[in-house]
Amino acid sequence: MTREEVYATVGQILNIKPEEVTPETGAETSPDWDSLAHINILTALDEKTNGKIAEIDDFMEASSVEKICAAMSQNGLLS
Amino acid sequence: MNISDIQFVLGGRGEGLDTLSADNASWLVDDIFEKTGIRDRHLTGKNETAFTMARAATEELLKNIDRDTIGGLIFVTQSPDSQIPATACVLQAACSLPKTALAFDLNQGCSGFVYGLSVASSLIANGNLENCLLVCAETYGKYIAPDDRACRPIFSDAASAVLIGSGETGSIGPFVFSTDGNGAQNLMLAPNALIENGTARTRETNPTLHMNGAKVLHFTMGQVPKFTRALLEKASLSIDDIDLFIFHQASNLVLDNLTRLLDLADKKVVRHLESYGNTVSSTIPIALELERRAGHIRPGMTLLLMGFGVGYSLAGGIVRT
């Protein structure tokens, strides 16, 4: 996936425009990023990576866009 | 060897989405229902406990069985009426089972039924028992705060009683297991000195159930497909050889993701969430019985059972009917 696709996915789930998504967008900065949103982000990204997100051990510690991109990058899932 | 009979009872106090909505005005119960697939749950009343439900389910099972022939009783629970003695011993006496019977409690949650099935089938296979009762009962509902959005819409109280016998038809096993206590804090009673301090063992008063649903879902998505494939390999089977996949009925979200990740046909993935909820260790036996009543389980079929969750703990097994 590209970084832009991650931003678009997160924006779609949080109901905000992709251009409004920043690296800092996350549980601490967005009131809409609650546990249900986190679950939706997990499953949406997992579908788009053919199940690879579920195999990243500490993925659920990634509670912001920046941390998600870092986790995906470390596991070769971000182009 | 086979599972010859199953009975179950549900908590006597029903609770639907309307009650959740009335108690928590900010909850979007339609969205919650879409994720959970659960409309009705069954909670215990003041006078209902894991023991009383277990006894009721066991007595129902014993209506058609000579109780003097029972060789063993395994009682699966994480919410016993009392820590000491083992509820299995009290249940043995309450149900007038033979004094020669083996009886013990097994403390596992969502993996508990398959754990118990593996132990019971091993005891039968090695000749120590002719048959074994496997009784599961949970009352997680007693430990859930009214405003807990992660736990309250999901968990339901129930008991199930299953007879495993050494009959000539069918087979039970092989099994696979997985344990990862690093996930213990993601589904636990809190405060919990054992988990939070590592060594303290003080008894906590009025603990409540806490679940990090996102982390438990991630564990499920990461581990259940892996161990399903491992079980199939151990049994020299392919996905196509399995007639029904009976996973722990955690939530629709979990079953949707497992179906996707394993590329399973929807019709092979059993779902009985809407009217029953997540009854922890009883979801698999309840699903088995509901499928049997519907005529979907017939002799000669191959079933894959897998329980997973609190612990983290996972157990899976193959049952041939």
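Residues numbered from 1 in each chain as written. Chains lettered and ligands numbered in written order. Predicted model: local features only at pLDDT ≥ 70, side-chain atom pairs only at ≥ 80, totals over all residues. Heavy atoms only, no water.

1. Structural notes on the overall build of chain B
The criterion, for reference: Think of it this way: any DSSP run of H or I at least four residues long counts as a helix, any run of E at least two long counts as a strand, and we number them from the N terminus. Throughout, the radius of gyration refers to the C-alpha atoms, and the reference size of a globule is 2.2 Å times the residue count to the power 0.38. In this scheme, a residue with accessible area under 20% of its type's maximum is buried, one over 50% is exposed, and one in between is partly exposed, where area comes from a 1.4 Å probe on protein chains only.
The helix and strand inventory of chain B stands at 9 helices and 13 strands. For a compact globule of 321 residues, the expected C-alpha radius of gyration is about 20 Å, and chain B comes in at 19 Å, within 12% of that figure. Referenced to the eigenvectors of the C-alpha coordinate spread, the extents of chain B come out at roughly 55 × 45 × 40 Å. When each of the 321 residues of chain B is scored for burial, the buried share is 59%.

2. Considering the interface of chain B and chain A
Basically, it comes down to this: Residue contacts are defined here by distance: any two heavy atoms, one from each residue, within 4.5 Å place the two residues in contact. Defined in terms of a 1.4 Å probe, buried area is the accessible area two parts forfeit on being brought together, summed over both. In what follows, salt bridge is the name for a side-chain nitrogen of Lys or Arg lying within 4 Å of a carboxyl oxygen of Asp or Glu. Two N or O atoms form a polar contact when they lie within 3.5 Å of each other; inside protein one atom must be a possible hydrogen donor and the other a possible acceptor, and for residues adjacent in sequence the pair counts only when both atoms belong to side chains.
Taken together, the 13 residues of chain B in the interface contact 17 residues of chain A. Across the interface of chain B and chain A, roughly 1300 Å² is buried in total on both sides, 64% from carbon and sulfur atoms. Across the contact surface, chain B and chain A share 3 salt bridges. With a closest N to O distance of 2.7 Å, K215 of chain B and E61 of chain A form a salt bridge. The interface formed by chain B and chain A contains 6 residue pairs in polar contact (both at pLDDT 80 or more).

3. Quick look at the packing of helix α1 (residues 3-14) of chain A against helix α3 (residues 65-74) of chain A
Residue and element names in this part refer to chain A. Quick note on the threshold: Axes here mean lines fitted to C-alpha atoms, for a helix over just the part in contact, with angles spanning 0 to 180 degrees between N-to-C directions. Here roughly perpendicular refers to angles of 65 to 115 degrees, roughly parallel to angles under 35, roughly antiparallel to angles over 145, and oblique to all remaining angles. Whether a crossing is left-handed or right-handed is set by the direction in which the near helix is turned from the far one by less than a right angle, anticlockwise for left-handed and clockwise for right-handed. Any residue that is not Ala, Val, Leu, Ile, Met, Phe, Trp, Tyr, Cys, Pro, Asp, Glu, Lys or Arg is counted as polar, Gly included; the first ten are nonpolar and the last four charged.
For the pair α1 and α3, interaxial distance at closest approach is 11 Å and the crossing angle is 135 degrees. Here α1 lies oblique to α3, going by the angle between them. Regarding α1 and α3, the two cross each other, and that crossing is right-handed. Contacts from R3, V6, Y7 and V10 in α1 reach V65, I68, C69 and M72 in α3. Class assignment for the residues of the contact of α1 with α3 results in 7 nonpolar, no polar and 1 charged.

4. Some points on the nonpolar core
So the rule is basically this: Among buried residues, the Ala, Val, Leu, Ile, Met, Phe, Trp, Tyr and Cys ones that are joined through side-chain atoms within 4.5 Å form a nonpolar core. An automatic or database domain assignment provides the domain bounds reported here.
Membership of the largest hydrophobic core comes to 68 residues, with the highest contact counts inside it found for F59 and M72 of chain A together with F155, F247, M306 and F308 of chain B. Residue contributions to this core peak at 9 residues, all from helix α7 (residues 213-234) of chain B. Counting only domains with at least three residues in this core, you end up with domain 1 (2-168) and domain 2 (173-320) of chain B. In contact with F247 of chain B, not counting residues within four places along its chain, are V224, T228, L255, L258, L262, L264, V269, I284, L304, M306 and F308 of chain B. V114, Y115, L134 and A287 of chain B belong to the second-largest nonpolar core, a separate cluster that totals 32 residues.

5. Focus on the environment of Q92 of chain B
On the secondary structure map, Q92 of chain B appears in helix α4 (residues 87-94). Spatially, the C-alpha atoms of Q92 of chain B and I246 of chain B are 29 Å apart, while their sequence positions differ by 154 residues.

6. A few points about the side chain of S251 of chain B
All names here are of chain B. Tracing the sequence through the fold places S251 in the loop between β11 (244-247) and α8 (252-262). By relative accessible area, which is 9% here, S251 ends up buried. Once residues lying within four places of it in the same chain are set aside, the contact partners of S251 are K35, T36 and L273.

7. Topic: empty space enclosed by the protein
All names here are of chain B. Applied cut-off: Within this scheme a cavity is a closed region of a 1 Å grid, computed over the protein atoms alone, that accommodates a 1.4 Å probe without allowing it to escape, whereas a pocket is open but has protein on both sides within 12 Å along at least five of seven lines; lining residues each have an atom within 4 Å of a point. Grid points are joined across faces, edges and corners, and a volume is the space filled by probe spheres set on the points.
As enumerated under the stated definition, the model contains 1 cavity of 30 Å³ or more in all. Estimated volume of the largest cavity: approximately 30 Å³. Together, Q249, H272, Y276, G277, T279, T283, I286 and A287 line the largest cavity.

8. Some thoughts on the environment of S63 of chain A
All names here are of chain A. Relative to the helices and strands, S63 resides in the loop between α2 (35-48) and α3. Distance from S63 to W33, taken between C-alpha atoms, is 8.7 Å for residues 30 residues apart in sequence. When sequence neighbours within four positions are dropped, the list of residues in contact with S63 reads G26, A27, W33 and H38.

9. Brief notes about the domain arrangement of chain B
Residues and elements named next belong to chain B. Looking at the assigned domains, one finds that chain B contains domain 1 (2-168) and domain 2 (173-320). One C-alpha centre belongs to domain 1, the other to domain 2, and the line joining them spans 15 Å. Taken residue by residue, the interface counts 46 residues in domain 1 and 45 residues in domain 2. Summed over both sides, the interface of domain 1 with domain 2 buries roughly 3600 Å², with 67% coming from carbon and sulfur. Considering only the surface of domain 1 that becomes buried against domain 2, F8, C110 and Y143 emerge as the three largest contributors, covering 19% of it. Where domain 1 packs against domain 2, one counts 1 salt bridge. E274 is paired through a salt bridge with R39; the nearest N and O atoms lie 2.9 Å apart. Taken together, the elements giving at least two residues each to the side of domain 1 that touches domain 2 come down to β1 (2-10), α2 (29-36), β3 (41-43), α5 (112-125), β6 (131-138) and β7 (158-165). Among the elements that take part in the side of domain 1 that touches domain 2, α5 stands out by supplying 7 residues, more than any other. Looking at the side of domain 1 that touches domain 2 residue by residue, the class counts come to 24 nonpolar, 14 polar and 8 charged.

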